[in-house]
Structure formats: structure tokens, C-alpha cells
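# Per-entry structural report
Spelled out from the first residue to the last, the chains are:
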Amino acid sequence: IWDLGRGEIVRSLESHTSYVSAVRFSRDGKTLMSISLDGSIKIWDLPSGTIRQDLASDDNHMLYSLAVETDQRQLVVGDSKGKIQFWDVDQGTQVRELDSGGGPIGSLRFSLDGKTLVSASRTREKLILWEVSSGRRLTTLDGGTTPIWSQAFSPDGSTLWAVTEAGTIKSW
């Protein structure tokens, strides 16, 4: 962890056995969630530098993407086989798994109201919108001819923006 003002490393968190593929901070900045290609999910207490929870999916697939719900009670990870896992942070248990139909899940994003999750595969040109409460697939959006790397909802939630591997920015 870097102190940007001083340009110095102030803490290193080490526990994953492979590359860390994504991190997210809690709103209060006291917790960090990390996922790795080793298939593990770590929830860190930043003031002490210790692991609060150490979660691992049953299938141990590489984890590529991470999203945290607005209320921070649920986190979602995307794996190398196209599965999307929902985890209850308080209980430390996986509560749901969705199947995107293949391809590693390279990016996940919640809508601002937390009701919709959008996933993007690293090898496909499509975005899938999911209803969070039921896990139901709402729609699939065609991204063109190159994989989608990242996506974001507009602040008012009316538009979804995505960046493709080719560097194109698209909106729906």
C-alpha cells in the first residue's frame, strides 16, 4: 500500500499464492478485499494488516474480477470458467453462482442502485446484465467484434459505457 503524498510503500499485504487480479476498498478505507489467480478471496483489516476472512471457492478456478455491492455486505467475483460467484461478506459463504456461458469473467460492475450487475467476458464481445435479487439474466448486449475490458454506469444509471480491447468506448 502506497502513501501517495510521500511516494512510499507503507505496508505490504502478503498471503495469496499467485497474482492478485483485483482489489477493492471498503467505503471507510479500513478494509481491503483482494482476489487472486490462486482462487482465493481475502478480506483484510488495513489498520492491523491482518486477514479478517480467507475465502476460497469450491472449484478453485482463477479469479479475475471483483465487484462489491453498495452496502458492502455482498461481493461478487468472476472466474476463469465464466462463473460469477456471490459471497455474503458477514457469513463468509458463497450464496449463489451464475453461469455466463463461458469465457473468463474479466470485469464486473454493480449499478449505482445495486439492483443490476453487468459482466463482461475476456474472450467474448458481449455484456450480460443480471438482476441481483434473483440472479436472472436480464439481457445481453452486443459489444461488437472485440472483447470488452471494462464497463461503468453513468452517474444517473441511464447509460452503460464499455471499453473494448480495441480501445473503442461504447454506450447503451
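So, here is what we can say about the structure in this document. (Residues numbered from 1 in each chain as written. Predicted model: local features only at pLDDT ≥ 70, side-chain atom pairs only at ≥ 80, totals over all residues. Heavy atoms only, no water.)

Assigned secondary structure in the protein consists of zero helices and 17 strands. When the backbone C-alpha atoms are referred to their principal axes, the protein occupies close to 45 × 40 × 30 Å. Taken across its 172 residues, the protein has 44% of its residues classed as buried. A separation threshold of at least 6 residues defines the contact pool for the protein, and within that pool the share at least 24 residues apart is 33%. Of the side-chain charges in the protein, 19 are positive and 22 negative, and the distance between the mean point of each set is 3 Å. (Helix = DSSP H or I, 4+ residues; strand = E, 2+ residues; numbered from the N terminus. Buried < 20%, exposed > 50% of the residue type's maximum accessible area, 1.4 Å probe, protein only. Contact = heavy atoms within 4.5 Å. Lys, Arg positive; Asp, Glu negative; His and termini not counted. Charge placed at Lys NZ, Arg CZ, Asp CG, Glu CD.)

So, on to the pairing of strand 8 (residues 74-79). Most of strand 8 sits out of view: six of its six residues are buried. Here strand 8 shows two buried faces, one formed by Q74, V76 and G78 and the other by L75, V77 and D79. Bridge count between strand 7 (residues 63-68) and strand 8: five bridges; the pairing is antiparallel. Within strand 8, the position partnered with A67 by the bridge is V76. Linking two consecutive strands that pair antiparallel, namely strand 7 and strand 8, is a turn of five residues; a positive phi of about 65° is found at Q72 within it. Relative to strand 9 (residues 83-88), strand 8 runs antiparallel, the two sharing five bridges. (Pairing = 2+ DSSP bridges.)

Our focus in this paragraph is the sheet that holds strand 17 (residues 169-171). Spatially, the three strands line up as an open sheet ordered 15-16-17, and their pairing is antiparallel. In this open sheet, the two edge strands, each paired with only one partner strand, are strand 15 (148-153) and strand 17. Sheet twist, expressed as the mean angle between neighbouring strand axes with direction ignored, is 25°. Sheet topology note: the strand 15/strand 16 (residues 160-164) ladder contains five bridges and is antiparallel. Residue Q151 lies in a different strand from strand 16, and its bridge partner there is A162. (Axes fitted to C-alpha atoms, helices over the stretch in contact; angles between N-to-C directions.)

This part is about the environment of A56. Within the secondary structure layout, A56 lies in strand 6 (residues 50-56). Classification of A56 by relative accessible area gives partly exposed; the value is 43%. Sequence-wise, A56 and G39 are 17 residues apart; in three dimensions their C-alpha atoms are separated by 6.1 Å. With residues near it in sequence (within four places) discarded, A56 still touches G39 and W87.

With that settled, the discussion passes to the side chain of S119. Relative to the elements of secondary structure, S119 occurs in strand 12 (residues 116-121). Here the side chain of S119 touches W130 through a polar contact of 3.0 Å, side chain to side chain. Ignoring anything within four residues of it in the chain, the contact list for S119 reads I84, I105, S107, L108, K126, L127, I128, W130 and Q151. (Polar contact = N/O pair within 3.5 Å; in protein donor to acceptor, adjacent residues only side chain to side chain.)

Let us now look at a nonpolar patch on the surface. Residues W2, L4 and I9 make up a contiguous nonpolar surface patch of about 410 Å² in total accessible area. In this structure, I9 sits in strand 2 (residues 8-9). Overall, the relative accessible area of 51% leaves I9 in the exposed class. (Patch = residues over 30% accessible without salt bridge, like charges linked within 9 Å, V, L, I, M, F, W, Y side chains within 5 Å. Areas by Shrake-Rupley, 256 points an atom, 1.4 Å probe, with all protein chains shown as cover. Salt bridge = Lys/Arg side-chain N within 4 Å of Asp/Glu carboxyl O.)

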